[in-house]
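The chain contents come next:
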Amino acid sequence: MFNMMHQGQSKSQFVAVASIAAELSAVMNVAKDISLAAANAKGIAFRAGEKVKGFQPITDFINDLTKDAIQVVVIINQKALDVPNTPIFVDNFTAHIEKMRYFH
């Protein structure tokens, strides 16, 4: 029974990881879109000259914020890639391979 419960947990972990990956992808896309919009706004403000000079710190802040968001998503993705190397994952993977060998 423990083995069946353990298998259910590993499946739910995979579902959770996939769900998190999808959410991170969405965050990355939004951050890239916002970064592009901030860059465009900065270019427009630059061309407008002195009249809108006060707008530049806002676009700089938005650009920095989106860069930070993108960096955090990249770090989380890198950490997620390490999940398959954890001992629990390796044990589960090894158990599944052994089952496959048994049935072949």
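Preceding block: the structure.
The structure reproduced in this document is the subject of the present report. (Residues numbered from 1 in each chain as written. Predicted model: local features only at pLDDT ≥ 70, side-chain atom pairs only at ≥ 80, totals over all residues. Heavy atoms only, no water.)

A word on the overall build of the protein
Move 1: Each helix and strand counted, the protein has three helices and zero strands in total.
Move 2: Scanning the protein from its N terminus toward the C terminus, one meets helices and strands in the order α-α-α.
Move 3: Out of the 104 residues belonging to the protein, those deemed buried represent 12%.
Move 4: In the protein, once contacts between residues fewer than 6 apart in sequence are set aside, the share between residues at least 24 apart is 71%.
Move 5: Summing over all exposed atoms, the protein offers an accessible surface of approximately 8300 Å²; the carbon and sulfur share of this is 68%. (Helix = DSSP H or I, 4+ residues; strand = E, 2+ residues; numbered from the N terminus. Buried < 20%, exposed > 50% of the residue type's maximum accessible area, 1.4 Å probe, protein only. Contact = heavy atoms within 4.5 Å. Areas by Shrake-Rupley, 256 points an atom, 1.4 Å probe, with all protein chains shown as cover.)

Some remarks on the side chain of Ser 35
Move 1: Mapped onto the elements of the fold, Ser 35 is located in helix H1 (residues 2-48).
Move 2: With near-sequence residues (within four places) excluded, Ser 35 lies in contact with Asn 63 and Thr 66.

Looking at the environment of Asp 60
Move 1: Topologically, Asp 60 is positioned in helix H2 (residues 56-82).
Move 2: Separated by 25 residues in sequence, Asp 60 and Ser 35 have C-alpha atoms that sit 9.9 Å apart.

Remarks on the pattern of salt bridges
Oppositely charged side chains are able to pair whenever their charged atoms sit close together.
Move 1: If you walk through the whole model with that rule in mind, you get one salt bridge.
Move 2: Two residues, Lys 42 and Asp 60, come together in a salt bridge whose shortest N-O distance is 2.8 Å. Of the two residues, Lys 42 is situated in helix H1 and Asp 60 in helix H2; the sequence distance between them amounts to 18 residues.
Move 3: Given a relative accessible area of 26%, Asp 60 falls into the partly exposed group. (Salt bridge = Lys/Arg side-chain N within 4 Å of Asp/Glu carboxyl O.)

Remember that the coordinates give geometry; whether it matters functionally is a separate question.
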